[in-house]
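Architecture and fold: a report
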Amino acid sequence: MHNPFSVSKTEKVLPDGGVTARRGSLMTAHGAVETPAFMPVGTQGTVKTLEPRDLRDLNVGMILGNTYHLLLRPGNETMSICGGLHKFMGWDGPILTDSGGFQVFSLGHLRKITADGVEFNSHIDGSRVFLGPRESMATQRILGSDVAMCFDECIPYPTTPEYACKSVDKTLLWASLCATQERASGQLVFGIVQGGVFSELRERCARGLVGIGFDGYGIGGVSVGEPETVLIKGVEDSTIHLPEDKPRYLMGVGDRLQIVEAVARGVDMFDCVIPTRHARNGSAFTREGSIQVKAGRYKQDTRPVEEGCECECCRNFTRAYVRHLLNAGEILGVRLLTLHNIHRYMTFMQELRQSLENGSFNEFRRETTATIRSNMNTAER
């Protein structure tokens, strides 16, 4: 079978590391995704406040949808009648769908985990719903995503070795079931490495998934409340056991400093709600860090949100106007900040890829870290 992932450039960044930063490309049924890639989150069939044409204009290569949310609303029957997620939302680019495992994990006491899957109460109407590997893959087949993720159990932080061990057993069992399910035409399937903070469990999970054989591999169980050092160690404990010729996807991570460090450890794909969520909260990302546009000091500021930025927001509007919209509860304010934040992230990823192409990633890494940390320290003062 043809390998859809290819690596064009690599750069050794960590002297003692077992993996390298790399520049690659993932071919999907809806086009190529240039990696390292950041996927804006379109949980319910939309990246909040943006149209598909906005995403194209912003040079977004791939977006993320969510099985759990789309299963509950609008549901498989409606999605099937409407021809799948691409047609439903009018987006002709690549889509990756999360399996729903993380959302089920976040339900806490509302769920009941069994060997076959998870029974839980819908957050919409309280009805009882069951989601397991078969159900998740069937929904993702109907959605017609380009990349479907295996259904897994996300391990909480902190947890005991005993719980983590049983959870990894379950994730591997479910992954083996996911691998045998019918796929949409051209659909790729990624397994997900779990294991929490336990190196030996991450190794066992990674090796087990590789033994089953997938088109790519997610690194899960991160961004669940653990310190950054623990997150990075979880990445190291996972990537070193994954094939070099397959894409590696760090799930739910969108902090730019963490992205750079994960790329240094061989990660190729990322997703996070950070750019859109921060926009809704009145915060804008800049090359140097972030600013709270809703703050009173910007009430009469006639500068753009970020000077030198070429996004639609910065080319046409001032901080004062965007702040006014946000404080008046006008949707346009959130839309403008979302356009800006996604633009900033897409520009950041393009510059990161370019640094890998010309062999200057280590320099890019140092400069990015120094610039953003300096801004953070200034803000704290």
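The following paragraphs examine the structure supplied in this document. Quick caveat: nothing in here was measured; it's all calculated off a predicted structure.

**Here's the deal with the sheet that holds strand S8 (residues 117–121)**
Taken together, three strands build an open sheet; the order of strands is S7-S8-S9 and the sheet is antiparallel. Each edge of the sheet is formed by a strand with only one pairing partner; in this case those strands are strand S7 (111–114) and strand S9 (128–131). Averaged over all pairs of adjacent strands, the angle between their axes in this sheet comes to 15°, without regard to strand direction. Alignment of S7 against S8, held across four bridges, turns out to be antiparallel. Each bridged residue has a counterpart across the sheet, and for Lys 112 the counterpart in S8 is Glu 119. Most of the contacts of helix H7 (residues 161–178) go to S7, to which it runs at about 70°, and overall it touches S7 and S8.

**Side note on the environment of Glu 51**
Position of Glu 51 among the secondary structure elements: in the loop between strand S4 (37–40) and helix H1 (52–57). Look at Glu 51 and you get partly exposed, because its relative accessible area is 36%. Along the chain, Glu 51 and Trp 91 lie 40 residues apart, while their C-alpha atoms are 8.7 Å from each other.

**Here we look at the sheet that holds strand S2 (residues 21–28)**
The antiparallel open sheet is built from three strands, whose spatial order is S1-S2-S3. What marks the edges here is a single partner per strand, and that holds for strand S1 (5–11) and strand S3 (31–35). Averaged over all pairs of adjacent strands, the angle between their axes in this sheet comes to 15°, without regard to strand direction. Here S2 runs beside S3; their pairing, made up of five bridges, is antiparallel. By the bridge assignment, Met 27 is partnered in S3 with Ala 32. Packed onto the sheet, helix H14 (residues 331–357) meets S1, S2 and S3 and runs at close to 115° relative to S2.

What counts as what
Residues numbered from 1 in each chain as written. Predicted model: local features only at pLDDT ≥ 70, side-chain atom pairs only at ≥ 80, totals over all residues. Heavy atoms only, no water. Pairing = 2+ DSSP bridges. Helix = DSSP H or I, 4+ residues; strand = E, 2+ residues; numbered from the N terminus. Axes fitted to C-alpha atoms, helices over the stretch in contact; angles between N-to-C directions. Contact = heavy atoms within 4.5 Å. Buried < 20%, exposed > 50% of the residue type's maximum accessible area, 1.4 Å probe, protein only.

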